[in-house]
Amino acid sequence: MTSTTARRLPRPLSMIGWSAVIVLGTFALAAIALNRGESVDAMWFIVAAVCLYALGYRFYSAFLAAKVFALDPTRATPAERFNDGRDFMPTNRWIVFGHHFAAIAGPGPLIGPTLAAQFGYLPGTLWILIGAVLGGCVQDFVALFCSIRRDGRSLGQMARDELGPIGGAVALIGVMAIMIILIAVLGLVVVNAMRNSPWATSTVAATIPIAVLIGLFMRHLRPGRVLEGTAIGVVLLLAAVFGGGWIDDHPTLRTWFDYDAPALALMVILYGFAAAVLPVWLLLAPRDYLSTFMKIGTIVALAIAIIILNPQVQMPALTQFIDGTGPIFGGNVFPFVFITIACGAISGFHSLIASGTTPKLLANERDARFIGYGAMAMESFVAVMAMVAACVLEPGIYFAINSPAGVVGADPAVAVATISSWGFPVTADQMAALASDMGEGTLFARTGGAPSLAVGMASIFSSAFGNTLLSVWYHFAIMFEALFILTTVDAGTRVARFMLQDLLGNVVPALGRTSWYPSVLICSGLVVAGWGYFLYFGTIDPLGGINSLWPLFGIANQMLAAIALCVATTVLVKSGRVRFAWVTGLPLVWLVTVTSVAAWEKLFSPDLRVGFLSHANDLAAQLASGSLADAAAAQAPRLIFNDRLDAALTLFFLVTVWVLIVETVRICHAALSGRRCPPLAETPYVPTRLAEAER
Amino acid sequence: MIATLRRAWAHFRELTGDDAYERYLAHWRLHHAAEGGVPLDRTAFVREEQRRKWEGVRRCC
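Residues numbered from 1 in each chain as written. Chains lettered and ligands numbered in written order. Predicted model: local features only at pLDDT ≥ 70, side-chain atom pairs only at ≥ 80, totals over all residues.

**Q** Even after reading the chapter, I still don't get the overall build of chain B, so can you show me in this structure?
**A** A tally of regular secondary structure across chain B gives three helices and zero strands. Listing every helix and strand of chain B by position from the N terminus yields α-α-α. Relative to the globule expectation of 10 Å for 61 residues, the C-alpha radius of gyration of chain B, 15 Å, shows a markedly less compact shape. Residues counted as buried form 13% of the 61 residues belonging to chain B. (Helix = DSSP H or I, 4+ residues; strand = E, 2+ residues; numbered from the N terminus. Rg over C-alpha atoms; globule rule 2.2 N^0.38 Å. Buried ≥ 20, exposed ≤ 12 C-beta atoms within 10 Å, placed from the backbone.)

Pasting the structure below:
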């Protein structure tokens, strides 16, 4: 889009324009990076981000498109060659952009930055901006490019073709593992948002019958009328937010929706199983429509609100917690900020979408730049907004909401004293007033990022749109987050089920029949049991399950990105573009460094809140010496086992990524020295016959 | 003005998939009508679409 505008403008004018963007961007970055001790206008975050994305898109992605990938507008895309009017179909680039963005943007970019704000706003913001422009956008773009040149094949297939069977198997198992951890941690975020909150729980619960109703409507009454169904659904969802408030005020009704975290975890597990085995049209598909609309609507509203309101960012640029003592999760700023913020900076999961439905829709290869690079820049922008929403809260309040009781103390008086002693003043009265404004019983220790994001969003929305209904905005934000987290839970369980069926089908052929009901039940059950286990024990973990699960998720996601970049680097080397291999090679080296250091620390750090093994050993020693209270002693063996399980998973990720690196180096070396290796699997050139006008 | 709005609405419908059946009919007439037979009716098309769409990875974190 920018390139055509630039071409239309006279050259000097275009140069002046881009120089202005550079100056403005530098100025905005300086304003946020050099600020010490005063609050910053949120506007500078927006300006810095937009300038950086514009520059990255205009110059770096143009370089990638023209020189590195040599995108060829005369080459027919898979959509054109296999056009079947369904999977493969040349589609308007804006429409593909919309679909691609809706598919890649999930709850990840909202939660990661919220948690990483414990280091101050600066490390996270810089990583989101730089990571996206040089890493994440490149990964999405290159995955899309590789897939278009290979008939729209998936990442797993491409890994097998380019790297051989080991690479393929590693990619497949990696995807399964990340799915399980991802669903568990997202489930935990929802559970923590609903814990002992009748309003939130009843509103989230109401989304289920609403989705079913819309499902029935679109199946039987008005087949395929997506807009009608969605419009009704959105109205019902808004009614559910208000209805939740009414239930919360009702003395009897509220007790029906008042549960502690482990009970809610069991309900989410049951729900996940039901959603996986029920027909798609009944729950999953309508929920997906609703959540996509809510998601895009709310993100746009948040952007407008931040621009109108220009709130002050209260969080300091850096906090003392860069030394690894942070209450929300343990670990130094390096490498943990890069693990905590995966989605929004670089997210391996995107390579599955970029090598899934999207490449089958592109009408022209040239569009890969706009869709691959552009959509990721947009997701990164969402992450910047989440960072702003977390940092406009007073730091004391931010820490009170996000710190687990096991770290700051369960008693409000103790918690506020601890947090204030860190230099982030907050009082119990202040927290009580905030909780009552938001219509919640308490906001202490609501770990997982969703409640603090909702408080941030509620205060931004209520002041920007001249509305004082804080509690309604708060529960609207919770409903919006829960809606698409649960969509990810459903869709992820389903995908993992398909993969498991595929895998088990090799051993027991009957299990491989995807629609055979016993196989559906067994495989869905296994998948749900997998994530349900981590979810349930996340809720009883005294350190707050987020502390152990979110880093695992980050490591897994970055590992998937490393797999995609390995495939891409191999492709560049094999296709004689070794002088450009740094384009994917450098982000790959960075990711492997970050994930390896993080995985190593999660395994062997002596810090009890970082190292899984030292925590397990410490608990075991306490248990043996009998210094634990009865309740804690009863739980201890399970916690010790979980720590060791988490350690085993981390080790597995670490080994997986290194196996793949060794394979990549081996294949690249073989290709460069002319020895035997799997040949480049690119489909031969076919000229396009689509006229420009048709697009 | 009206024409612009109408075009925007058409794009919006395409983006949301609201017009999927109409697009399918257009595609069918163009490519498959010559082979004879009848296109799927609306209900059958919607069912088939939904089954197809949910086979792979559809949503991300």
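**Q** In this structure, what is going on with the overall build of chain A? I would like to understand it.
**A** Helix and strand content of chain A: 28 helices and two strands. Since a compact globule built from 695 residues should have a radius of gyration of about 26 Å, the 25 Å found for chain A is in line with a globular shape. Projecting the C-alpha coordinates of chain A onto the three principal axes gives extents of approximately 70 × 65 × 60 Å. Counting the 695 residues in chain A, one finds 57% classified as buried. Considering only residue pairs separated by 6 or more positions, chain A has 81% of its internal contacts joining residues 24 or more positions apart. (Contact = placed C-beta atoms within 7 Å.)

**Q** Honestly, the packing of helix H7 (residues 121-148) of chain A against helix H17 (residues 367-391) of chain A in this entry has me stumped. Any pointers?
**A** Packed helices, taken two at a time, are described by the angle their axes make and the gap between the axes. Residues and elements named next belong to chain A. Where H7 meets H17, the closest approach of the two axes is 8 Å, and the angle between their N-to-C directions is 160°. As the angle between them shows, H7 and H17 are arranged roughly antiparallel. Once H7 is placed against H17, the crossing between them reads as right-handed. In the contact of H7 with H17, the residues fall into 18 nonpolar, five polar and two charged. (Axes fitted to C-alpha atoms, helices over the stretch in contact; angles between N-to-C directions. Parallel < 35°, antiparallel > 145°, perpendicular 65-115°, else oblique. Left-handed = near helix turned anticlockwise from the far one by under 90°. Nonpolar A, V, L, I, M, F, W, Y, C, P; charged D, E, K, R; others polar.)

**Q** When you look at the interface of chain A and chain B in this model, what are you seeing that I'm missing?
**A** How big an interface is tends to be stated in terms of the accessible area lost upon association of its parts. Opposite the 36 residues of chain A that make contact, chain B presents 24 residues. Counting only elements with at least two residues in the side of chain A that touches chain B, the list comes to helix H5 (93-104), helix H11 (226-249), helix H14 (284-309), helix H16 (350-354) and helix H23 (470-505) of chain A. When grouped by side-chain class, the residues that make up the side of chain A that touches chain B number 19 nonpolar, 13 polar and four charged.

**Q** Help me understand the environment of B:Leu40, please; the structure alone is not making it clear to me.
**A** Residue and element names in this part refer to chain B. For Leu-40, the position within the fold is in the loop between helix H2 (20-31) and helix H3 (42-53). A residue is classified by how many C-beta atoms lie within 10 Å of it, and Leu-40, with 15 of them, is partly exposed. In the structure, Leu-40 is positioned 28 residues away from Phe-12 in sequence and 24 Å away in space, judged by C-alpha atoms. Here Leu-40 is in contact with Phe-45 and Glu-48, once residues within four sequence places are set aside.

**Q** Sorry, what's going on with H14(A) here?
**A** Structurally, the α-helix is built with 3.6 residues per turn, so residues lying three or four positions apart point the same way. Helix length check: H14(A), at 26 residues, gives a terminal C-alpha distance of 36 Å against a target of 38 Å (1.5 Å per residue), a fit within 8%. One or two steps after H14(A), the chain reaches A:Asn310, where phi turns positive at roughly 45°. (Expected span 1.5 Å × (residues − 1).)

**Q** So what exactly am I meant to see when it comes to helix H26 (residues 582-604) of chain A here?
**A** The end-to-end C-alpha distance of H26(A), which contains 23 residues, comes to 31 Å, matching closely the 33 Å that a straight helix rising 1.5 Å per residue would cover. Among the residues of H26(A), those classed as buried are A:Val583, A:Thr584, A:Pro587, A:Leu588, A:Leu591, A:Val592, A:Val594, A:Thr595, A:Ala598, A:Ala599, A:Glu601 and A:Lys602.

**Q** Help me understand unusual backbone geometry, please; the structure alone is not making it clear to me.
**A** Most peptide bonds adopt trans geometry, and most residues besides glycine take a negative phi value. Residue and element names in this part refer to chain A. Backbone torsion omega between Phe-334 and Pro-335 reads 5°, so that peptide bond is classified as cis. Within the secondary structure layout, Pro-335 lies in helix H15 (residues 333-340). Even without a glycine there, the phi angle at Ala-445 is positive, about 55°. Checked against the element boundaries, Ala-445 lands in the loop between helix H21 (428-437) and helix H22 (450-464).

**Q** Any chance you could explain the nonpolar core here in plain terms?
**A** The tendency in soluble globular proteins is for nonpolar side chains to be buried as a group. Residue and element names in this part refer to chain A. Among the nonpolar cores identified, the biggest contains 238 residues, and Ile-181, Val-388 and Val-567 are the most heavily contacted of them. Here this core gets 20 residues from one element, more than from any other, and that element is helix H25 (residues 546-574). Beyond its immediate stretch of four places on either side in the chain, Val-388 contacts Ala-42, Phe-45, Ile-306 and Val-313. Counting residues in each nonpolar core, the second largest holds five residues, with Ala-616, Leu-619, Leu-639 and Ala-647 among its members. (Core = buried A, V, L, I, M, F, W, Y, C linked by C-beta atoms within 7 Å.)

**Q** How should I be thinking about the packing of helix H9 (residues 165-194) of chain A against helix H28 (residues 630-672) of chain A in this particular structure?
**A** All names here are of chain A. In contact at an axis separation of 10 Å, H9 and H28 are set at 155° when each is read in the N-to-C sense. Comparing the axis directions of H9 and H28 gives the class roughly antiparallel. In this structure, H9 crosses over H28, and the sense of that crossing is left-handed. On the side of H9, the interface is formed by Ile-166, Gly-167, Val-170 and Gly-174, while H28 contributes Thr-656, Val-659, Leu-660 and Glu-663. Of the residues contributing to the contact of H9 with H28, the split by class is four nonpolar, three polar and one charged.

**Q** Can you walk me through the confidence of the model for chain A in this structure?
**A** Atomic detail in the predicted coordinates should be set aside for any region of low pLDDT. Counting all residues, the mean pLDDT for chain A is 91, and 98% of those residues have values of 70 or more. Long-range and interchain partners of residues 1-6 of chain A, a stretch whose pLDDT sits below 50, account for six contacts in this model, where long-range means more than four residues apart. (pLDDT = per-residue confidence, 0-100.)

**Q** Would you mind showing me how to read the environment of A:Pro509 here?
**A** Residues and elements named next belong to chain A. Checked against the element boundaries, Pro-509 lands in the loop between H23 and helix H24 (517-540). With 9 C-beta atoms counted inside 10 Å, the residue Pro-509 sits in the exposed group. For Pro-509 and Ala-648, which are 139 residues apart along the polypeptide, the C-alpha to C-alpha distance reads 30 Å.

**Q** In this structure, what is going on with the confidence of the model for chain B? I would like to understand it.
**A** All names here are of chain B. In this model, chain B carries a mean pLDDT of 85, and residues with pLDDT of at least 70 account for 98%. The secondary structure element of chain B with the lowest average pLDDT is H3, at 84, and the one with the highest is helix H1 (residues 2-16), at 90. Model confidence for the complex is summarised by a pTM of 0.93, with the ipTM given as 0.88.

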